[in-house]
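Geometric and topological summary
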Amino acid sequence: MVLLEEDLFPRCIPQSDEDSSPPLKLHVSRRHVEMDNGIVKLTLTKPTGMMTGVAYKGIKNLLEYRHKETRRGLQGTSFRVVARTEDQIEVSFTKTWNFSTGENDVPLNIDKRFIMLRGVSGFYSYAVLEHLHGWPDLNVDEARIAFKLRQNMFRYMAISDDRQRIMPTDHDRTIGHTLDYREAVLLTNPSNSKLKGEVDDKYQYSCDNKDNRVHGWISSHPHVGFWVITPSDEFRAGGPVKPDLTSHAGPTSLAIFFSDHYAGPAFGVRLRNGEPWKKVFGPVFVYLNSDSGDKPKTLWEDAKEQACRVVGVHFSENDQLHSKNFTIFMNQMSRETKKWPYDFPSSHDFPHANERGMVRGRLLVHDKYINTDLVPAKSAYVGLARPGAVGSWQDDAKGYQFWTRTDEMGYFMIKFVRADSYNLYAWIPGILGDYKHDSEVVITPGGEIQIGDLVYDPPRTGPTLWEIGIPDRTAAEFYIPDPAPELTNKLYINHTEKYTDLYPDEDLIYTVGVSDYRKHWFFAHVNRKINRDNYVPTTWKILFDVRNVIRAGQYTLRIALASASLAEIQVWINDPNTRRPHFTTRRIGRDNAIARHGIHGKYWLYRVGISGFQLVNRKNTIYLRQARGSNPFIGVMYDYIRLEGPAEQDY
């Protein structure tokens, strides 16, 4: 089930100007609801709550005109005005499920909200979804708000400073040539001739949750910007580095709450055996701006200012005494992020700042093979999420998640956390594995928890004999070739899979101490194409020397994967002809990150024990076989590989 909704810089319209702005207006007719603050007018269907119009500065509608109002998405059956003053309007479209409606109706209570504030150039939207105890089983695969903009206006899209461009139209894609992955289309006769020969694919514009603060579209005539701003990740799923869609050809802009993109079809909300569940998604902010110029940068910079300002976060004076050089890291925040949690949503399911709590502490790393002392976990990701196993946060869509990053001394502070019980999780770029605090963290309204020093003992058996890559949960450090010239997108001239061209007859061979993983380790372990329709498994070799093998010792091979798509990695030690591999992951993963231009998806970590009797003095070979063939998108992306010697007690 999918839930849907639809003079350096010239002066841009201000974000808020309450003193000079007219009072809000609300007009309710038999079939429509109109909210108007003199800058923006939002039109919604009644009682379903579907967006049909966004008027701005004399433009009657920025949304694509539809001859028939869409029936997609969850629809309300009842309408009410929640708040109505000169400064704020909030309306609600609800639907209450009951058994009498039958099996064809989704067993969810739905409350869709829209908020308009005086003097604000935009509007807010959020939803509350609820599944009561004892209700039928339910799968929710995706939840999002989708905006389809006018094709004759919006042609320029901006995702970040270095990802913005003129885009093809829907028609350009329709008449283009669909490639192996159906979302990828070769533009053969686009309306803009400069785009001819390029490939367009909505997954080229994905980004991690942590980086997805503002994105949208710009119209040239008139010069207007339409922006989706997400001020918090607490209602998103999968943690800070879960990739997902943003904006793409259509023109379409998305506020993704969760989806199975880069995670696999098992990701989402799965409710079984009458499990109760409730979650608030949003609010997100739709921001509109304009100016008298013609440069997209001016509207983009204004949108960033709305959604990107440096703000200092400080601990108390007593906390600062713990470290002479103690400085709290600076966060990229926004006007909207600074307001979070918003104080204006009326739903009792959305707690305001004084109804939330916080936790602070310090994370240290203990790995005696790197440093005998405790080392501050610099720039670590530390978060609170639903209780579960180590690393379970990356699979969770049901609960709320609250993440931050540590400073140079390992200190962290997580503010504005909803009252509930959580596990505290962490992972550290440059350090293998996942951390989970032993005890649950119970947040109370207005409470503050001093959790103290936490020590992470990363996976480790013995000293490092060799390593390939950087343990940062991506394959970005490995070799990524230039694409075939006939299959390019000018934003992505370095992202493609050309394994067969580089290794037409023999597979990758990596020699420890000689090879450079930045040049000689292909970023994706994929199949080799042998003819038009056939792909065969591939076997990579790691060649390495071991001097003075400890026969009775236990060596350890650690394999961290940044992505897996219907793949199986089999490991052989020195002899690839034995009947069975020494180790297999079995078939794992369906994140499709390789096909979707990703550099990471779901994280996997494996430990492979190797007896000293399996190694020889001097030259050894580890064989890594991706054993599942049949198509070009099956494979893995490695994050990091390390061989450890025996523990000291084995010597």
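Residues numbered from 1 in each chain as written. Predicted model: local features only at pLDDT ≥ 70, side-chain atom pairs only at ≥ 80, totals over all residues. Heavy atoms only, no water.

1. Description of the overall build of the protein chain
A count of helices and strands for the protein chain gives six helices and 48 strands. Here the protein chain holds 651 residues, and the buried ones make up 57% of them. When the accessible surface of the protein chain is totalled, it reaches about 28500 Å², and 47% of it is carbon and sulfur. (Helix = DSSP H or I, 4+ residues; strand = E, 2+ residues; numbered from the N terminus. Buried < 20%, exposed > 50% of the residue type's maximum accessible area, 1.4 Å probe, protein only. Areas by Shrake-Rupley, 256 points an atom, 1.4 Å probe, with all protein chains shown as cover.)

2. Details of the side chain of Thr-48
Here Thr-48 shows up in the loop between β4 (40–45) and β5 (51–56). In terms of polar contacts, Thr-48 uses its side chain to reach the side chain of Thr-45, at 2.3 Å. (Polar contact = N/O pair within 3.5 Å; in protein donor to acceptor, adjacent residues only side chain to side chain.)

3. Quick notes on the environment of Phe-123
Within the fold, Phe-123 resides in strand β9 (residues 122–131). Here Phe-123 falls in the buried class, since its relative accessible area comes to 0%. For the pair Phe-123 and Phe-285, spaced 162 residues apart in the sequence, the C-alpha separation amounts to 5.9 Å. Each residue touching Phe-123, except ones within four places of it in the same chain, is listed here: Val-40, Leu-42, Met-51, Val-54, Ile-115, Met-116, Phe-147, Val-284, Phe-285 and Val-286. (Contact = heavy atoms within 4.5 Å.)

4. Comments concerning the pattern of salt bridges
Enumeration over the complete set of coordinates arrives at 32 salt bridges. Arg-144 is paired through a salt bridge with Glu-142; the nearest N and O atoms lie 3.2 Å apart. Here the two residues Arg-144 and Glu-142 agree in accessibility, since each one is buried. Residues Glu-301 and Lys-304 are paired through a salt bridge, measuring 3.5 Å at the closest nitrogen-oxygen approach. With a gap of three residues between them, Glu-301 and Lys-304 both fall in helix α2 (residues 296–307), about one helical turn apart. A relative accessible area of 22% places Glu-301 in the partly exposed class. Overlapping salt bridges, with partners in common, bring together Glu-90, Asp-111 and Arg-113 in one network. (Salt bridge = Lys/Arg side-chain N within 4 Å of Asp/Glu carboxyl O.)

5. Observations concerning the nonpolar core
Counting residues in hydrophobic clusters, the biggest one holds 103 residues, and the most contacted among them are Leu-62, Val-91, Phe-258 and Leu-363. Element by element, the count of residues in this core is highest for strand β24 (residues 277–290), at eight residues. In this structure, Phe-258 is in contact with Val-140, Asp-141, Glu-142, Ala-143, Ala-237, Asp-244, Phe-267, Gly-268, Val-269, Phe-281 and Ala-397, ignoring residues within four places of it in sequence. By size, the runner-up hydrophobic cluster in this structure holds 57 residues, among which are Ile-480, Phe-522, Ala-524 and Met-637. (Core = buried A, V, L, I, M, F, W, Y, C linked by side-chain atoms within 4.5 Å.)

6. A closer look at the pairing of strand β7 (residues 88–95)
Of all eight residues making up β7, seven are buried, and the element is well covered by its neighbours. Pairing geometry for strand β6 (residues 78–84) and β7, over six bridges, is antiparallel. For Phe-79, the partnering residue across the bridge sits in β7 and is Phe-93. Hairpin connection, β6 to β7: the antiparallel pair is bridged by three residues. Direction of pairing for β7 relative to strand β8 (residues 109–117): antiparallel, over a ladder of eight bridges. (Pairing = 2+ DSSP bridges.)

7. Focus on the confidence of the model for the protein chain
The predicted model of the protein chain has a mean per-residue pLDDT of 90, with 88% of residues at 70 or higher. Predicted confidence is poor over residues 492–496, with pLDDT under 50, and the contacts of this stretch with residues over four places away or in other chains come to 17 contacts. (pLDDT = per-residue confidence, 0-100.)

8. Here's the deal with the sheet that holds β5
Across the sheet, which stays open at both edges, the four strands sit in the order β2-β3-β4-β5 with antiparallel pairing between neighbours. For this open sheet the edge positions go to β2 (25–28) and β5, each flanked by a neighbour on one side alone. Neighbour to neighbour, the strand axes of the sheet diverge by 10° on average, direction disregarded. (Axes fitted to C-alpha atoms, helices over the stretch in contact; angles between N-to-C directions.)

9. Things to note about the sheet that holds strand β19 (residues 224–229)
Overall, antiparallel pairing links the nine strands, which are arranged β6-β7-β8-β9-β24-β19-β18-β12-β13 in an open sheet. Here the strands that pair on one side only, and so sit at the sheet edges, are β6 and β13 (163–166). Strand-to-strand twist across the sheet, computed as the mean angle between neighbouring axes with direction ignored, equals 15°. Alignment of β19 against β24, held across six bridges, turns out to be antiparallel. Within the sheet, the bridge partner assigned to Val-224 lies in β24 and is Ser-290.

10. Points about the pairing of strand β27 (residues 357–367)
Looking down a regular strand, the side chains alternate between one sheet face and the other. Counting buried positions along β27 yields ten of eleven residues, so the element is predominantly enclosed. Judged from the five bridges that link them, β27 and strand β31 (residues 411–417) form a sheet pairing that is antiparallel. Among the inter-strand pairings, Arg-360 is bridged to a residue of β31, identified as Met-413. Examined bridge by bridge, β27 and strand β35 (residues 448–456) share eight bridges and lie parallel to one another. By the bridge assignment, Leu-363 is partnered in β35 with Leu-454. Of the strand pairs in this sheet, β27 and strand β28 (residues 371–376) are connected by three bridges, and their pairing is antiparallel. Bridge pairing links Leu-364 to Pro-376 in β28. Linking β27 to β28, which pair antiparallel, is a turn of three residues.

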